[in-house]
Every structure is written in structure tokens, then in C-alpha cells.
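# Observations on the model geometry
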Amino acid sequence: MTILVTGGAGFIGANFVLDWLADGDEPVVNLDKLTYAGNLHNLDSLAGDARHVFVQGDIGDRGLLDALLAEHQPRAVLNFAAESHVDRSIHGPEDFIQTNVVGTFRLLEAVRQYWGALAAADKAAFRLLHVSTDEVYGTLAPDAPAFSESHGYEPNSPYSASKAASDHLVRAWHHTYGLPVLTTNCSNNYGPYHFPEKLIPLVIVNALAGKPLPIYGDGRQIRDWLYVRDHCSAIRRVLQAGQVGQTYNVGGWNEQANIDIVRLICRLLDELRPRADGQSYALQITHVQDRPGHDRRYAIDARKIERELGWRPAETFETGIRKTVQWYLEHPEWVANVQSGAYRDWIAQQYAD
Ligand code: NAD
Ligand code: TYD
């Protein structure tokens, strides 16, 4: 048996592939375009491992998809591939539409054709698992209940709108063609291999480099943070036991305001790698112009996946964020490697005064 993972060189996909192969011996075919966010160094520990087959390519390439499905005959396809950064989607939405909408459509069509030709038993066992986000639900008022699976879709950014569109396509391919799909909508992840354009790794990397720690607006926006390996265990569980056609919200029961997270990271760095001048990293905190259309609050009601599939996060925020800070302190070469010219151009454009 084999699974096909798309986007497996990115942050969550790479963590998923590493955990999958640490947990069992079922091979993984990993299809990734290697955009700026994809990094084969995330998978260095799998060098020479015959259970991991890496293919550089686009989920929008129908010919390639058909060939990979025919050759490897996967029993499941897990779709992590996406453009994932909200700020980039504001500057340039085109890539988000191409990959997240058109790419998902092409993947669905290729999988539909492949699945349709499988023998009855293989057809019944096959799954397409689509990895999505809580951002499709839009923003919450401070005292509103957390997002359940029945919350309406109200996406506010080009990123979340493109993910919402992909979720709708996945849903429709189930209802119209019977494709056996599963969808997960997860809250903000953090952990190893997180590209330092996102808040938590950006703050760690900037703090150590003596650079400003940019807080958008008042910093009181709330996200529900989940350690990435807990997200990976939730996906494995949904693949194993999720009910076809259902969606599962995945979250950490951990709502935090951005400014509190940044202050916590500063305190951890003050302890683990004190500044040479003995001052706190918190002195580097700088409030910058807010993101246009910035969602104020996300929160996930993860009771369904707990009730039906018995999944709960293993990590608390305190243990997860400490592990994460330690990982970045121990992997300066990984950070240096991803800070290419393209990364420097993005930072210069996004944080220009
Ligand atoms: P990421 O940006 O770190 O990685 C995305 C990966 O997809 C990269 O390796 C990239 O090269 C690849 N990719 C992009 N376009 C592609 C294409 N057309 N064909 C093939 N590969 C392509 O993203 P991530 O944070 O790992 O997110 C993975 C998935 O999880 C996404 O679908 C995202 O929407 C979803 N998600 C992310 C979070 C989060 O907090 N990061 C939370 C919930 C859901
Ligand atoms: P981010 O990591 O980009 O994830 P998302 O926008 O998908 O939730 O941002 C997390 C929060 O941190 C979000 O409210 C925006 C905020 N933020 C900052 O305040 N400063 C920054 O430099 C970045 C990248 C994000």
C-alpha cells in the first residue's frame, strides 16, 4: 500500500511525512512544486529511504497526476499543497487561485478518474483527504462561540477565499460523483520547519538577528494555536477512521492574542539565549501598520473529532512553544538556508516603512 501526499516539502506536509514514516512502513509518494515555501532540507533525514519517493511537480499538471496515480496506485491521496500565506495573498492573489482553486480542481479530476477505474474493494477503501483551514469561516466576535463544522463559510482574505473554494469543490466531488473525501479545517499551526514569514518563526528569527518584532495593529488579534505534530496525528486519525464526506475541525483549545505570544517568545529567548546586553528581547517589539481586512479572532470547537474519533492534542502550548523555540535555536543552518534572496525581497517589501 502507498499514499500520495501533495505539498510534502512544506511546513505541515514535511512534518506529516516524517511522522508517517516514523510511525509505520507504508511508502509515501511526495508531489511538491518546491515553491519558495517548499524545502527539501525539511526531508533530509529521509535521504536514501526507499519508502519516500519525491517528485517535483505541480498539482495543476494533469498529465503528471495521471502518470503518478497509474504508477504508484495509492490507496489514499492527502492534499497539503497550497499557497498558504495571507499577506502574500494580499500582494498577489493569482498564485492562490491557480494552486488552491485550479490545482485542487485538477487533482480532484485526476483522482476521480483513477478512483473510478479501481476494483470494487480498492474503490471502497480509497480516500482523498483535503487539508484546509479555519480561516474559511471568517472572523469571530470576542464572545462568539468557537467555529463548529456547521459554521457558515465567510472567508475574508484572498487566501481564505481560495481555500474555501477548494473545500467547496471537494464537497461537490463527493456529492456529485461519490468521491470518498474527507476534509479537515485546522487552526494556526506552529513548530519545526515553519517558514519564517509566519508570526512565530518570524519573531524567533528576527529576535535572534536583533531586528524589530513587527506586531500588526494593536496585537490583540486572537488565533487558536496547535502544535504541528498534533495536527499531523489528527490527519492520520481522520484518514484512518473519518466518515466519508465529513469535515473535522482540528484545534488546540488554545486561544492567544498575538502580542501575548510575542512576549512569551521573548521571555523564552531571554531564558534560553539571553541578549548580549542583558536586556529583554521584548525591547525589539514594534507596532506596524495593520494587515488590510485582518480577521480579529479565530477559535476552533474541536469536540466532533474528539467525540467521534477520540483525538485530542497531546501538546500544551507551554510545552509546544518551548520545543519550537529550542528547535530554532538548534537549527541555525536551516534558518540561514531558507533566508534566500527571495526571502529577503519579501521581507523588504512587506515591512518597508
Ligand atoms: P506551506 O506554504 O509551508 O507549504 C506548502 C507546500 O505546498 C510547499 O512545499 C509548496 O512548495 C507546495 N506547493 C505550493 N503550490 C504547489 C503546487 N501547485 N503543486 C504542488 N505543490 C505545491 O504551507 P503549510 O503551512 O505547510 O500548509 C499546508 C496546508 O495546510 C495548506 O493547504 C494550508 O492551507 C493548510 N493549513 C495550514 C495551516 C498553518 O497554520 N500553516 C493551518 C491550517 C491549514
Ligand atoms: P500568520 O502567522 O501570518 O498566520 P494567519 O494570518 O494565517 O493567522 O499571522 C498570525 C497572526 O499574527 C495574524 O493575526 C497576523 C499577525 N502577524 C503580525 O502581527 N506580525 C507579523 O509580522 C506577521 C507575519 C503576522
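Above: the structure in question.
No experiment lies behind these values; they were computed from the predicted model shown.

## A word on the site of ligand 1
Taken together, 28 residues lie near ligand 1, and I12, D32, S84, Y159 and K163 sit nearest. In the environment of ligand 1, an oxygen atom lies 3.1 Å from a nitrogen or oxygen atom belonging to the backbone of F80. Take Y159: an N or O atom from its side chain is 2.7 Å from an oxygen atom of ligand 1. In isolation ligand 1 offers 830 Å² of accessible surface; the protein chains occlude 97% of this area. Here the element with the most residues in the shell around ligand 1 is strand 5 (residues 127-133); it accounts for 3 residues.

## Overview of the sheet that holds strand 7 (residues 188-190)
On the basis of which strands lie adjacent, the open sheet formed by 3 strands has the order 7-9-11 and mixed pairing. At either margin of the open sheet sits one strand with a lone partner, and together these are strand 7 and strand 11 (255-257). Put simply, the sheet's adjacent strands are angled 50° from each other on average, direction ignored. Relative to strand 11, strand 9 (residues 222-227) runs antiparallel, the two sharing 3 bridges. What sits directly across from I222, in strand 11, is A257. On the sheet, helix 8 (residues 228-241) packs against strand 7 and strand 9 and is oriented at approximately 70° with respect to strand 9.

Rules used in this analysis
Per-chain numbering applies: the sequence of each chain, read as written, is numbered from 1 onward. Naming scheme: in the order in which they are written, chains are lettered from A and ligands are numbered from 1. Only residues with pLDDT of 70 or above have their local features reported here, since the model is predicted, and side-chain atom pairs are shown and tallied only from 80 upward, although totals for entire chains, interfaces and linings are computed over all residues. Values shown for side chains rest on all heavy atoms present in the structure; no hydrogens or waters enter the calculation. To be near a molecule or strand, a residue needs just one of its heavy atoms within 4 Å of it. The term polar contact refers here to a pair of N or O atoms within 3.5 Å; inside protein, the definition further demands a hydrogen-donor-capable atom paired with an acceptor-capable atom, and it admits residues adjacent in sequence only when both atoms are side-chain atoms. In these tables, accessible area is a Shrake-Rupley quantity obtained with a 1.4 Å probe, and a residue counts as shielded only by the protein chains included in the view. Secondary structure is summarised from DSSP: a helix means a run of H or I of at least four residues, a strand means a run of E of at least two, and numbering begins at the N terminus for each. One bridge is not enough; two strands pair if DSSP finds at least two bridges between them. A fitted line through C-alpha atoms serves as each axis, taken over the contacting stretch for helices, and the angle formed by two N-to-C directions is quoted from 0 to 180°. Pairs of residues are marked as contacts when any of their non-hydrogen atoms sit within 4.5 Å.

On their own, these measurements won't tell you what the molecule is for.
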